[in-house]
Each structure stands twice: as C-alpha cells, then as structure tokens.
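Here is how the chains run, residue by residue.
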Amino acid sequence: QNGYENIIVERRGRVGIITLNRPHALNALNAALMTEVVAAATEFDQDHGIGAIVLTGSEKAFAAGADIKEMTSLTYADVLLSDFFSAWDRFAAVRTPTIAAVAGYALGGGCEVAMMCDLLIAAENARFGQPEITLGTIPGIGGTQRLTRAVGKAKAMDLILTGRLMDAAEAERAGLVSRIVPTERLLDEAIETAEKIASMSLPAAYAAKEAIAQAFESTLAQGVTFERRTFHATFALADRAEGMTAFVEKRPPTFEHS
Ligand code: CAA
C-alpha cells in the first residue's frame, strides 16, 4: 500500500497496523525503513478514524537493530550533521496509542523502537537486548533512557554493558513487557487489544497517555497536578458525559471522539 518498500501498512476498522518487512536483514532499521515508519505512523496519527496503532515485525525478528551495514562507513561528522536517528523521535511523539507486538529478536534499535510504544506485547519467543557495546558503540535511539526507566538501573547496566539478551519471561518480570502470549497468538492479541483501546474515546486516550508520560518527565507533585487538571478537562468532552450517562442508564456508551 502507498508505495512503501520496507513496511506493510494496513488498516482494520479503527486499528492501523505497520509491519516491518525487510526479512533478508531481520528487519534491520535502515534510513529508508525509518522514514517509512515515521510517515505511516504520522499519517495514522493525523487520521482520527484510527484509535490505536500496532507496530510488528516477523515471527523471527521484530527488528535486529539499526542497520549495521549502513552505519559502518559513517563518520562522526556524518552522524552529527544529520542528527542521525533523531527522526525516530517523531514516532515516539505519536499521540495515538501504540502497541509493539514483538516476536523474535528486538535488539538495539529494535528494542528501542519497541520501547517507544505505549504497550509492549511479547511472544514467548521474543528476545530483547541492547548489544551495541559489542559493536564498540552504545544505544542511540533512547535505549539508555527508556530501558533504565522500564527495568531500573541494575538490569539496564547488566544488559547494556554486557550486550546479553533477555528472554520474554525475564523481560516481563523486569517490567519491560505488558504481557506475554503464545507466539502464534501475538498478532491477534495485539490487534484485539488495539481494537479495545480504539473503541474508547480518542480524546480520553490522548489525555491518559499524556498523563502517564508526565510520570517520566516531572516530579510526583507536578505529575499529580497535571493529571488532576487533565482529568478536570475531560469534563469538557461529550464523550465523558456519554460515558457516565451510559453507565447510569445501564447501556454501552457510544463515543463520538469529541
Ligand atoms: N544490521 C544489518 N544487517 C543485519 C542486522 C543488523 N542489525 N542484523 C541481522 N542482519 C542481517 C545479517 O547480516 C544477515 O544478512 P546476510 O544474510 O546478508 O549476511 C541477515 O540479517 C540474517 O542475520 P544472521 O545470519 O546473523 O541471522 P542469525 O539468526 O544467525 O542471527 C542475530 C540473528 C543474533 C540477531 C544476528 O543477526 C545479530 O547479532 N544481529 C545484530 C544485532 C545487533 O548488534 N543489533 C544492534 C545494532 S546497532 C544499533 O541498533 C544502534 C542503535 O541503538 C541506534
């Protein structure tokens, strides 16, 4: 669809699905793939007919990292002047709820992009890691920050300094993963979860997501105040009135996303 070469983009009702599709390179994240993912996610984000976005890969690899072959000959000046990888920030800034559905390898940039998503659903065969140290470099798409916030300093240091991989069970225990499902169930579970989220009020979902994000950007008191004011603001939504009225009238709500 839409002339993409490195991804497959689909829509199912209110759910947008982006599938990383460079199977010969285990979905390594080259510049072309990055540009396409950002474009597709931005397009879904601007379409209020989409209420959740699923990002997935193949059964063997969500993504085995940034494209090492593409990076090998780059100089410091090259990466500095192009602010290499900063385009991924636009994926992280998507307001629509995002779900990473991860099977197989989620390494380096693959793990980092999965961590940009709001929920991370892992297949039993998923393996996570930040092996950049084995290449003489460090994570560059947020890994030192998001992994540390997700799993704490002890495990982040362990993974980033040794480059070892973590299986799905360890990732769930550590708090990186929302849930683990049998590998063959992964996409169905992710899409069902996305449909559930997309059935809610989109403005309320934006508000919830922004408030949770504050937990990583502010003090507790500032975050609680942000949450309270945002909660108050939901009283301006038709969907808030509909949701509460529907409860009182013992019927399902009909959200108009307004
Ligand atoms: N970049 C480019 N190509 C990659 C790749 C990557 N990150 N990962 C795998 N590939 C390619 C391989 O080169 C190979 O291509 P060829 O057939 O042309 O040789 C193909 O994908 C299949 O890979 P393997 O033969 O290696 O498959 P495997 O099953 O034996 O091993 C693996 C799988 C353990 C994931 C191994 O491919 C691997 O270690 N990949 C690299 C992982 C890595 O170091 N990722 C971090 C990248 S750096 C980064 O991400 C920077 C950042 O944070 C910003």
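Residues numbered from 1 in each chain as written. Predicted model: local features only at pLDDT ≥ 70, side-chain atom pairs only at ≥ 80, totals over all residues. Heavy atoms only, no water.

A. Region of interest: the site of the ligand. Among the 24 residues in the neighbourhood of the ligand, the closest are listed as Lys60, Ala66, Gly109, Glu112 and Glu132. At 3.0 Å, a backbone N or O of Ala64 approaches a nitrogen atom of the ligand. Between the ligand and Glu132, the relevant distance is 2.4 Å, taken from an oxygen atom to a side-chain nitrogen or oxygen of the residue. Contact with the protein chains covers 65% of the free accessible surface of the ligand, which is 980 Å². At the level of secondary structure, the elements contributing two or more residues to the shell around the ligand comprise helix 2 (68–71), strand 6 (105–107) and helix 5 (109–116). Element by element, the count of residues in the shell around the ligand is highest for helix 2, at three residues. (Near = heavy atom within 4 Å. Polar contact = N/O pair within 3.5 Å; in protein donor to acceptor, adjacent residues only side chain to side chain. Areas by Shrake-Rupley, 256 points an atom, 1.4 Å probe, with all protein chains shown as cover. Helix = DSSP H or I, 4+ residues; strand = E, 2+ residues; numbered from the N terminus.)

B. How the structure looks around a nonpolar patch on the surface. On the surface, Ile133, Met157 and Leu161 cluster together into a nonpolar patch covering about 280 Å² of accessible area. Among the secondary structure elements, Met157 is positioned in helix 7 (residues 153–162). Taking relative accessible area as the criterion, Met157 reaches 43% and is therefore assigned partly exposed. (Patch = residues over 30% accessible without salt bridge, like charges linked within 9 Å, V, L, I, M, F, W, Y side chains within 5 Å. Salt bridge = Lys/Arg side-chain N within 4 Å of Asp/Glu carboxyl O. Buried < 20%, exposed > 50% of the residue type's maximum accessible area, 1.4 Å probe, protein only.)

C. Spotlight on the side chain of Asn30. Relative to the helices and strands, Asn30 is located in the loop between strand 2 (15–20) and helix 1 (31–46). By relative accessible area, which is 11% here, Asn30 ends up buried. For Asn30, the side chain forms a polar contact with the main-chain nitrogen of Leu33, separated by 2.9 Å. Excluding residues that lie within four positions of it along the chain, Asn30 makes contacts with Asn6, Arg22, Asp67 and Glu70. (Contact = heavy atoms within 4.5 Å.)

D. Here's a closer look at the state of the cysteines. Taken as a whole and assessed by the stated rule, the structure comprises zero disulfides. Here Cys111 stays free of any disulfide, with the sulfur of Cys117 as its closest cysteine sulfur at 11 Å. (Disulfide = S-S within 2.5 Å.)

E. The sheet that holds strand 4 (residues 61–63), seen in detail. The strand order 4-6-8-9 describes an open sheet built from four strands, whose pairing is mixed. For this open sheet the edge positions go to strand 4 and strand 9 (166–167), each flanked by a neighbour on one side alone. Pairing between strand 8 (residues 127–129) and strand 9: two bridges, direction antiparallel. Within strand 9, the position partnered with Phe128 by the bridge is Met166. (Pairing = 2+ DSSP bridges.)

These figures come from the coordinates and say nothing about function on their own.
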